[in-house]
Amino acid sequence: MDLLNTLVDKGLRRELPSREEALAVLATSDDELLDVVAAAGKVRRHWFGRRVKLNYLVNLKSGLCPEDCSYCSQRLGSKAEILKYTWLKPDEASKAAAAGVAGGAKRVCLVASGRGPTDKDVDRVARTIDAIKSENEGVEICACLGLLDEGQAERLRGAGADAYNHNLNTSEATYGDITTTHTYADRVDTVNKAHEAGLSACSGLIAGMGERDEDPVDVVYGLRELDPDSVPVNFLIPFEGTPLAKEWNLTPQRCLRILAMVRFVCPDVEVRIAGGREVHLRSMQPLALHIANSIFLGDYLTSEGQAGKTDLDMIADAGFEVEGTEQVTLPEHRAAGGCGSTCAPAPETGTDGEAAADTEGARTDLVAVRRRGAGTDLAPNA
């Protein structure tokens, strides 16, 4: 297939595909799917070999967010029956993080719901970073605290944070359809603040919110301009009690196409399969490892993932290896510069002719609210 040969060649040279080529990946047929995965796999192996980076989420503060992001179970007005608790103490967060590190995680992602941190919150997170790093040699810390004010990224960097996550989620053209309490430009500003402070920028998207094919591609090019090192690709978890509870638009095949498109546009960037992989990729998760080089281990912020041991078995059975703390994730040309080239996408059922998934066949049984780990008395999943 000429398209795929062209995309592989461009990926090995770090050359940006055209917008038409990116759209064409999303429009490939199911008969071509394994060819798409194989082509993306060539690019992935060239830059990252067979290594899989494990990341572990610690939800420092759950629920009761004043923002109205339609996809989020923690949003203003959410009726999702999730765990709700205020800030974990540094020792509690460190204990939660230790479980993930023991399970093989190289990076711990500290997340807190809310519009953005106060200066007091930054101090609190700084103490948490110190507690985690003092107990876990070599672990990376990524903070995800919402919109940043001037100077806060520098303070987090000074406290020992290695990275900052703030996703663009969807295209600028459709951003107002999913959130009204802040703007796409606000999110871009925070990613730029992280960059300027010397933090490794992490920014990605959410697929499956009813967007057209053009929207994922727009997000990809927006992210490429921001140039993050990590691009998490989330697949919408349609929580009951949120405005997008009925958006069951994704198939495993669609998810693989989205991941492949991200890899072709961002060949030398850490592409992470994030929330929703168990719900939408299901038994095809191992194929996704041939495209992405990073996953979350165990549970997510407010939903359960598959057992941590199952993640590790899946990686080994697919012929991959867990990346160690002594290994550098990014290719040398990117690692040396701190933060590098990027991109990301999202999906939907539009121009590629795929029919929307019938909500009557929606796998609501796979959406399990997190009831263990941080904020509970039960052992975490790692």
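Details of the structure are given in the entry above.
Read on for an overview of the structure.

Cut-offs applied
Residues numbered from 1 in each chain as written. Predicted model: local features only at pLDDT ≥ 70, side-chain atom pairs only at ≥ 80, totals over all residues. Heavy atoms only, no water. Helix = DSSP H or I, 4+ residues; strand = E, 2+ residues; numbered from the N terminus. Rg over C-alpha atoms; globule rule 2.2 N^0.38 Å. Buried < 20%, exposed > 50% of the residue type's maximum accessible area, 1.4 Å probe, protein only. Contact = heavy atoms within 4.5 Å. Areas by Shrake-Rupley, 256 points an atom, 1.4 Å probe, with all protein chains shown as cover. Arc of directions from axis to C-beta. Phe/Tyr/Trp six-rings, centres within 6.5 Å; stacked < 30°, edge-to-face > 60°. Lys NZ or Arg CZ within 6 Å of the ring centre and 35° of its normal. Expected span 1.5 Å × (residues − 1). Core = buried A, V, L, I, M, F, W, Y, C linked by side-chain atoms within 4.5 Å. Polar contact = N/O pair within 3.5 Å; in protein donor to acceptor, adjacent residues only side chain to side chain. Axes fitted to C-alpha atoms, helices over the stretch in contact; angles between N-to-C directions. Parallel < 35°, antiparallel > 145°, perpendicular 65-115°, else oblique. Left-handed = near helix turned anticlockwise from the far one by under 90°. Nonpolar A, V, L, I, M, F, W, Y, C, P; charged D, E, K, R; others polar. Salt bridge = Lys/Arg side-chain N within 4 Å of Asp/Glu carboxyl O.

### Focus on the overall build of the chain
(1) Moving on: Across its full length, the chain holds 14 helices and ten strands.
(2) Moving on: Against the globule reference of 21 Å for 382 residues, the chain gives a C-alpha radius of gyration of 19 Å, in line with a compact fold.
(3) Moving on: Each principal axis of the C-alpha distribution contributes one length, and for the chain these read about 55 × 45 × 40 Å.
(4) Moving on: Counting only residues that meet the buried cut, the chain has 60% of its 382 residues in that class.
(5) Moving on: For the chain, restricting intrachain contacts to residue pairs at least 6 apart in sequence, the fraction spanning at least 24 positions comes to 80%.
(6) Moving on: A total of about 14,400 Å² of accessible surface is found on the chain, and carbon and sulfur atoms cover 49% of it.

### Structural notes on helix α1 (residues 2-12)
(1) Moving on: Buried residues of α1: Leu3, Leu4, Leu7, Val8, Lys10 and Gly11, and no others. Here the buried residues of α1 occupy an arc of 165° about the axis, which is enough to place them on one side.
(2) Moving on: For α1, the elements touching its buried residues are α2 (19-26), α3 (33-48) and α10 (252-265).
(3) Moving on: Positive backbone phi, at 60°, marks Arg14, one or two positions downstream of α1.

### A look at unusual backbone geometry
(1) Moving on: Even without a glycine there, the phi angle at Arg14 is positive, about 60°.
(2) Moving on: With respect to the helices and strands, Arg14 occurs in the loop between α1 and α2.
(3) Moving on: The phi dihedral of Asn169 is positive, around 75°, even though this residue is not glycine.
(4) Moving on: Considering the arrangement of structural elements, one finds Asn169 in the loop between β4 (163-165) and α7 (175-178).

### Details of the packing of aromatic side chains
(1) Moving on: A complete count under the given rule lists two aromatic pairs for this structure.
(2) Moving on: Taking the centre distance of 6.2 Å and the plane angle of 70° together, the rings of Tyr175 and Tyr184 count as edge-to-face. Side by side, Tyr175 and Tyr184 carry an identical accessibility label, which is buried.
(3) Moving on: Positioned above the aromatic ring of Phe320, the side-chain terminus of Arg50 is 4.5 Å from the ring centre.

### Topic: α3
Counting along an α-helix, one turn takes 3.6 residues, and residues three or four places apart therefore face a common direction.
(1) Moving on: With 16 residues, α3 extends 22 Å between its outermost C-alpha atoms, agreeing within 8% with the 22 Å of an ideal straight helix rising 1.5 Å per residue.
(2) Moving on: By the burial criterion, the buried members of α3 are Leu33, Val36, Val37, Ala39, Ala40, Gly41, Val43, Arg44, Trp47 and Phe48.
(3) Moving on: Trailing α3 by a residue or two, Gly49 shows a phi angle of about 60°, which is positive.

### Examining the nonpolar core
(1) Moving on: Of all hydrophobic cores here, the largest spans 95 residues; its most connected members are Val58, Leu156, Phe235, Leu259, Phe264, Ile273 and Leu289.
(2) Moving on: For this core, the leading source of residues is α10, giving nine residues.
(3) Moving on: Here Leu156 is in contact with Val122, Val125, Ala143, Leu145, Leu148, Ala161 and Tyr164, once residues within four sequence places are set aside.
(4) Moving on: One finds Leu57, Val111, Cys144 and Ala163 within the second-largest nonpolar core, a separate group that totals nine residues.

### Some remarks on the side chain of Glu278
(1) Moving on: Structurally, the position occupied by Glu278 is in helix α11 (residues 277-280).
(2) Moving on: Given a relative accessible area of 13%, Glu278 falls into the buried group.
(3) Moving on: At a separation of 2.9 Å, a polar atom in the side chain of Glu278 contacts the side chain of Tyr300.
(4) Moving on: A polar atom in the side chain of Glu278 sits 3.2 Å from the backbone nitrogen of Gln306.

### Side note on the packing of α2 against α10
(1) Moving on: At a closest axis distance of 8 Å, the pairing of α2 and α10 adopts a crossing angle of 155°. If you check the angle between α2 and α10, you find them roughly antiparallel. Considering only the axes of α2 and α10, their crossing is right-handed. Contact with α2, carried on its side by Ala22, Val25 and Leu26, involves Arg254, Arg257, Ile258, Ala260, Met261, Phe264 and Val265 of α10 and no other residues of that element.
(2) Moving on: Its residues assigned to classes, the contact of α2 with α10 shows eight nonpolar, no polar and two charged.

### Comments concerning the pattern of salt bridges
Oppositely charged side chains are able to pair whenever their charged atoms sit close together.
(1) Moving on: All chains considered together, the criterion is met by 28 salt bridges.
(2) Moving on: The salt bridge partner of Asp119 is Arg155, with a shortest N-O separation of 3.2 Å. Here Asp119 is found in helix α5 (residues 119-135), whereas its partner Arg155 is found in helix α6 (residues 152-158), with 36 residues between them in sequence.
(3) Moving on: For Asp119, a relative accessible area of 46% gives the class partly exposed.
(4) Moving on: One salt bridge connects Asp121 with Arg124, and the closest N-O pair in it is separated by 3.4 Å. Within this pair, Asp121 and its partner Arg124 are both found in helix α5, separated by three residues, close to a single helical turn.
(5) Moving on: Asp121 gets classed as buried once you look at its relative accessible area, which sits at 11%.
(6) Moving on: In the salt-bridge network here, residues are joined through shared partners; they are Lys53, Arg107, Glu140, Glu270 and Arg272.

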